[in-house]
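# Structural description and commentary
Residues per chain, in single letters:
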Amino acid sequence: MDNPRTIVQQFDLVTTRSQMTLGVMASGHLVCLYLGPRLASRVSFKNLLTDLNHASYLADTDGVRNFRLEQLPLAYPTFGNPDLREPALVVADETGSRITDLRFDHLETYPHKPAITGLPSARWDEQTRTWAFVLKDEQLHLQVTLVISADEDHDVFSQHVIYTNQGSHGLTIERAFSFNWDFLSDQYQMLNLTGAWSRENHLQWTPLKQGFQGVDSKRGASGHGQNPFIALAAPGTTWDHGQVIGVNLVYSGNFIAQANVDMHQNTRLQIGINPFNFSWQLNAHRTFKTPEATIVIAEHGLNELSARYQRFYQDNLMRSAIAKTPRPVVINNWEATYFNFNKQSLLTLAKKAKQVGAEMFVLDDGWFGQRNNDTSSLGDWVPNTKKLGGSLTALIKEINQLGLRFGLWVEPEMVSPNSDLYRRHPNWIVADEKHQPQLTRSQYVLDMSRSDVQDYLIYTLDTLLTENNIEYLKWDMNRNITDAYTQTVPPRRQGEFEHRYMLGLYRVLKALVTKHPRLLIEGCAGGGGRFDAGMLAYCSAIWTSDDTDAIARLPIQEGTGLLYPAAAMSAHVSAVPNEQIGRKTPLTTRGIVAEQGCLGYELDLTKLTAAELAAIQAQIASYKKLRWILQFGQLIRLPVADPGNQWAWLKKTADQIIVDRVTVLVQPNTVEKRQRLTGLPANALYFEQQTQRTYAADFLMQVGLPVDRPTGDFFSQRWILSRV
Ligand code: DGJ
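The present account deals with the structure reproduced in this document.

Quick notes on the rules
- Residues numbered from 1 in each chain as written.
- Predicted model: local features only at pLDDT ≥ 70, side-chain atom pairs only at ≥ 80, totals over all residues.
- Heavy atoms only, no water.
- Helix = DSSP H or I, 4+ residues; strand = E, 2+ residues; numbered from the N terminus.
- Rg over C-alpha atoms; globule rule 2.2 N^0.38 Å.
- Buried < 20%, exposed > 50% of the residue type's maximum accessible area, 1.4 Å probe, protein only.
- Contact = heavy atoms within 4.5 Å.
- Areas by Shrake-Rupley, 256 points an atom, 1.4 Å probe, with all protein chains shown as cover.
- Lys, Arg positive; Asp, Glu negative; His and termini not counted.
- Charge placed at Lys NZ, Arg CZ, Asp CG, Glu CD.
- Near = heavy atom within 4 Å.
- Polar contact = N/O pair within 3.5 Å; in protein donor to acceptor, adjacent residues only side chain to side chain.
- Pairing = 2+ DSSP bridges.
- Axes fitted to C-alpha atoms, helices over the stretch in contact; angles between N-to-C directions.
- Parallel < 35°, antiparallel > 145°, perpendicular 65-115°, else oblique.
- Left-handed = near helix turned anticlockwise from the far one by under 90°.
- Nonpolar A, V, L, I, M, F, W, Y, C, P; charged D, E, K, R; others polar.
- Phe/Tyr/Trp six-rings, centres within 6.5 Å; stacked < 30°, edge-to-face > 60°.

With that settled, consider the overall build of the chain. In terms of regular secondary structure, the chain is built from twelve helices and 35 strands. A globule of 724 residues ought to have a C-alpha radius of gyration of about 27 Å, and the chain, at 27 Å, matches this closely. The principal-axis extents of the C-alpha atoms in the chain amount to approximately 85 × 70 × 45 Å. The proportion of buried residues among the 724 residues of the chain is 62%. In the chain, 69% of the contacts between residues at least 6 apart in sequence involve partners at least 24 apart. Surface summary for the chain: the accessible area is close to 26,600 Å², and the carbon and sulfur share equals 50%. Taken together, the 70 basic and 73 acidic charged side chains of the chain have centroids lying 5 Å from each other.

Shown next, in the form of structure tokens:
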């Protein structure tokens, strides 16, 4: 027999610039051979694994001495075999055994990409090809298919996994990862996006060490504290240098994204549904599909990774009907009025908003039931005609007559105990039969896994949207899931609840956008508590954070914009002192930071002076002229001399560049260095409006633009350059 580690079949999956190579060993195991920049020519990996020296005290495989699976880079590891590291799949049969032994059976290829029923996933285009690696455990009658698609043009791979029970007995899936990659090295820095409410998605770099590292959510949502993302980068990687491999999960619920460095300096990278509190009953002849993971390989730092993710999500994940629709300038009444409004105050705010140039009036929390604070009425999506001075339809008409479009806030997944809905259906909430469920912000969570709850929400929201000229829905979710239990499945299937919740949520969202294809949906979960690729598949934008302070937003938007398109990051100019942290920043800086995402306003315009209103009017007018490039231009982070205190970025289309720079604290007697740009076409010439000078692109990249001396803290500067 051949050395069982010999590669007997090799599969090169390529995009224009990236390559993923898998292979089958003589033993039949599917292995990871290469993940990185596309190799210039086809090379054979036949002996990659036979070249490895074997480590001691590991289990042998298939009775072959020194054939040690635990040292080898497995594409989809399972439990109960000689690889005693972290599995990607755990499945129990009817005897309780979890021993699983997957061997390669065959490969299928498609010139497209199959959809994942019930879950959001990226669309395919003519450039997409799919390889389905079919693995089998003959004893379990289990078929496991790794479905890997390569989008050649976008340089993105995606993977999901399908389990098919081909036997006549039930199987229980206890772990179902979407992606696993084994690297024969530990020389990486790990990057995650972490934080908390009000400071979401900060970049967090950690050098890998032996053992476990990563992030996970057990909250029933992806959460404020961690994004479903993990990247491994070469040490010293910056925005412009270094190889980095990013993996993002198209999912909004409990997840895990982890890297495990084993005893022999190998790294196992994994992402998927969090196995914590998860299991799935896979009956005979049934299938289960994992969420999709997207994999991006960048050769030249985070800007390249970011450009690929942003373009791919914009083109192939977000709804095509709205992805490239210019986002309107929103005025949202939340920080202007909170719950305290009536028809008159709303119309007064709307008039001012129209005067300064806003385009979409979004009526936030408090318009329905008896809701004058956060203690009642969630679930009763019936307009409060007393507060609105008549019907919602009439209010919308008046807002429309002012020349503004209309948007409405809802929090569909929730119910207040003090609501008609709860009184009618107390059993619709997430709770078990013994414990008093926890109230948070005076609300319970509706059991979205129930089809009657889903149907109620589809009907109620569709009716609201059909009867009223609502062009924008802000879809909020203001608490996480405690008391995770559903009354709809038997005891041994309770591990399915949190995934079923997500399937229910996606079903409702899909039904609404199918019926209302032009509807703009702004996702929100107390800010960025569910800012993920799953929600992005339905939303035109997501409220990036409840922290509206421009300076606090800098690291939040840096991390969020690493993956998600700028046009999808809702960002509002709010009042000073800032409501969340009391900081006073100049209006120009608030505008420049908000324009990094999609600009809106969230303050009481009626309290501003004529000069302040004029400044906002000028800000919006200038934004409208630059809207296309600001919303859809490529976002590139720029190098600065004093990182953390200085922040600079540009947005670029083929013929224009906007460069923005913020200095947080002014330093005494320092000489500002020039602002260098990156990512410009080498031989281009640009005319810069402010200085009326023409610059060569290589001068801008090597020497840079002259910078003004800050006149105070929170100083910002903008340059607008046109290609000549
Ligand atoms: C939390 C959101 O993040 C806010 O913008 C606002 O909509 C409130 N909820 C309303 O309750």
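Taken together, 13 residues lie near the ligand, and Asp364, Asp365, Lys474, Asp476 and Asp546 sit nearest. Within the side chain of aspartate 365, a nitrogen or oxygen atom sits 2.7 Å from an oxygen atom of the ligand. For the ligand, the protein covers 97% of the area, taking 300 Å² as the surface of the free molecule.

Taken in spatial order, the eight strands of this closed barrel run 20-21-22-25-26-27-28-29, and their pairing is parallel. Pairwise comparison of adjacent strand axes, ignoring direction, gives a mean angle of 30° for this sheet. Two elements, strand 22 (residues 405-410) and strand 25 (residues 472-475), share four bridges in a ladder whose sense is parallel. By the bridge assignment, glycine 407 is partnered in strand 25 with tyrosine 472. Each of strand 27 (541-543) and strand 28 (569-574) is contacted by helix 9 (residues 550-563), which is oriented at about 165° to strand 28, the strand it contacts most. Each of strand 28 and strand 29 (598-602) touches helix 11 (residues 610-632); the most contacted strand, strand 29, lies at about 155° to it.

Once that is clear, we can look at the packing of helix 9 against helix 10 (residues 587-594). Between helix 9 and helix 10, the least distance of the axes is 9 Å, while the angle of their chain directions is 20°. In this view, helix 9 runs roughly parallel relative to helix 10, as classed from their interaxial angle. Like other packed secondary-structure pairs, helix 9 and helix 10 cross with a definite hand, here left-handed. Taken together, the residues of helix 10 that come into contact with helix 9 (itself represented by Ala550, Ile551, Arg553, Leu554 and Gln557) are Thr589, Arg590 and Val593. Broken down by class, the residue content of the contact of helix 9 with helix 10 amounts to four nonpolar, two polar and two charged.

On to the sheet that holds strand 2 (residues 18-25), then. Here we have three strands laid out as an open sheet, ordered 1-2-3, and antiparallel in their pairing. Of all strands in the sheet, those with a lone pairing partner are strand 1 (7-14) and strand 3 (30-37), marking the two edges. Each adjacent strand pair in this sheet contributes to an overall mean axis angle of 20°, direction not counted.

This part covers the packing of helix 10 against helix 11. Running from amino to carboxyl end, helix 10 crosses helix 11 at an angle of 30°, the nearest separation of the two axes being 11 Å. In terms of their interaxial angle, helix 10 and helix 11 are classed as roughly parallel. The crossing of helix 10 and helix 11 is right-handed. Contact residues: Leu587, Thr588 and Gly591 in helix 10; Glu612, Ala615, Ile616 and Gln619 in helix 11. Tallied by class, the residues present in the contact of helix 10 with helix 11 amount to three nonpolar, three polar and one charged.

Counted by the stated rule, this structure contains 25 aromatic pairs. Relative to phenylalanine 288, the ring of phenylalanine 278 has its centre 6.1 Å away and its plane inclined at 55°; by these criteria the two rings are tilted. Placement of phenylalanine 278 in the loop between strand 16 (267-273) and strand 17 (280-282) and of phenylalanine 288 in strand 18 (residues 287-289) is noted, with a sequence separation of ten residues between them. The residues phenylalanine 278 and phenylalanine 288 share a single accessibility class, namely buried. Ring plane angle 45° and centroid distance 4.5 Å describe the contact between tryptophan 628 and phenylalanine 632, whose orientation is recorded as tilted.

The next thing to look at is the pairing of strand 13 (residues 229-233). Counting buried positions along strand 13 gives five out of five residues, so the element sits mostly inside the fold. Residues Phe229, Ala231 and Ala233 of strand 13 are buried on one face, and the alternating residues Ile230 and Leu232, pointing to the opposite face, are buried as well. As defined by bridge partners, strand 10 (residues 189-194) adjoins strand 13 across three bridges and the pair is classed as antiparallel. Each residue of the ladder has a partner; that of leucine 191, found in strand 13, is alanine 231. Of the pairings in the sheet, the one linking strand 13 to strand 14 (residues 244-250) comprises five bridges and is antiparallel in character. Its bridge partner being in strand 14, leucine 232 is matched across the sheet by isoleucine 245.

Shape descriptors only; they carry no functional weight alone.
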